[in-house]
Amino acid sequence: MPDAATFAFIKIVVRDVDRVRVFYEKVLGLERAQTLDGETFIEEMLRTPGAEGPPQLVLYYSKSNPPITVGDGWGPVGFYVKDVKATYDLALAEGGGLVREPFRHGDLMVAFVSDPEGHQVELIGPAPR
């Protein structure tokens, strides 16, 4: 049996790498861990401030700028946050889209938004007492 792999990152393809990076920085507090600027691509690697290890979210931009269609064959990128409603409101104010308003699920609050290019983001956090 092979050694277990370590999960490294999620990569999403974007049309405007700067706009999407700023969204994730402002709304979720992610920080730029590294930028790879190759001949044909740019990758912005983001992570939670103070996190050890590899970046958690990679934004990939092709310099040839081919058409991109966000499909439905994948689930949302999920983030734990302290205040789901506040983060949801900030996401909408920063160019995100409404997918599903915050709702209670047991002891959790959950909401779904999209980033400025339509990639779904799931927000999960403690429900107010």
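Note: the structure precedes this text.
Given the structure is predicted, the values throughout are model-derived calculations rather than measurements. (Residues numbered from 1 in each chain as written. Predicted model: local features only at pLDDT ≥ 70, side-chain atom pairs only at ≥ 80, totals over all residues. Heavy atoms only, no water.)

Undergrad: So what's going on with the environment of Leu-46? Which residues, and what values?
TA: Among the structural elements, Leu-46 can be located in strand E3 (residues 41-47). Placed 22 residues apart in sequence, Leu-46 and Tyr-24 show a C-alpha to C-alpha distance of 8.4 Å. Not counting the four nearest positions on each side in its chain, Leu-46 is found in contact with Arg-21, Tyr-24, Leu-30, Glu-31, Arg-32, Ala-33, Pro-55, Gln-56, Leu-57 and Leu-59. (Helix = DSSP H or I, 4+ residues; strand = E, 2+ residues; numbered from the N terminus. Contact = heavy atoms within 4.5 Å.)

Undergrad: Before we move on, could you go through the sheet that holds strand E6 (residues 97-105) and cite the residues and values that matter?
TA: An order of E5-E8-E7-E6 is seen for the 4 strands of this open sheet, with the pairing classed as mixed. Both outer strands of the open sheet, strand E5 (77-80) and E6, are each paired with one neighbouring strand and no more. The sheet shows a mean angle of 15 degrees between the axes of neighbouring strands, taken without regard to direction. Two elements, E5 and strand E8 (residues 120-126), share 4 bridges in a ladder whose sense is parallel. Note that in E8 the partner of Tyr-80 across the bridge is Ile-124. (Pairing = 2+ DSSP bridges. Axes fitted to C-alpha atoms, helices over the stretch in contact; angles between N-to-C directions.)

Undergrad: Quick one: what's the story with the packing of aromatic side chains, residue by residue and with numbers?
TA: Considering all chains together, one arrives at 3 aromatic pairs under this definition. Between Phe-23 and Tyr-24, the ring centres sit 5.3 Å apart and the planes meet at 90 degrees, which makes this aromatic pair edge-to-face. Look at Tyr-24 and you get buried, because its relative accessible area is 0%. Plain terms: the ring middles of Phe-41 and Tyr-60 are 5.9 Å apart, the flat faces sit at 15 degrees to each other, and that makes the pair stacked. Residue Phe-41 is found in strand E3, and its partner Tyr-60 is found in strand E4 (residues 57-62); the two are separated by 19 residues along the sequence. On the accessibility criterion, Tyr-60 (23% relative accessible area) is partly exposed. Taken together through their ring pairs, the aromatic side chains of Phe-23, Tyr-24 and Phe-79 make up a single cluster. Taking the ring centre of Phe-103 as reference, the NZ or CZ of Arg-100 above it sits at 3.8 Å. (Phe/Tyr/Trp six-rings, centres within 6.5 Å; stacked < 30°, edge-to-face > 60°. Buried < 20%, exposed > 50% of the residue type's maximum accessible area, 1.4 Å probe, protein only. Lys NZ or Arg CZ within 6 Å of the ring centre and 35° of its normal.)

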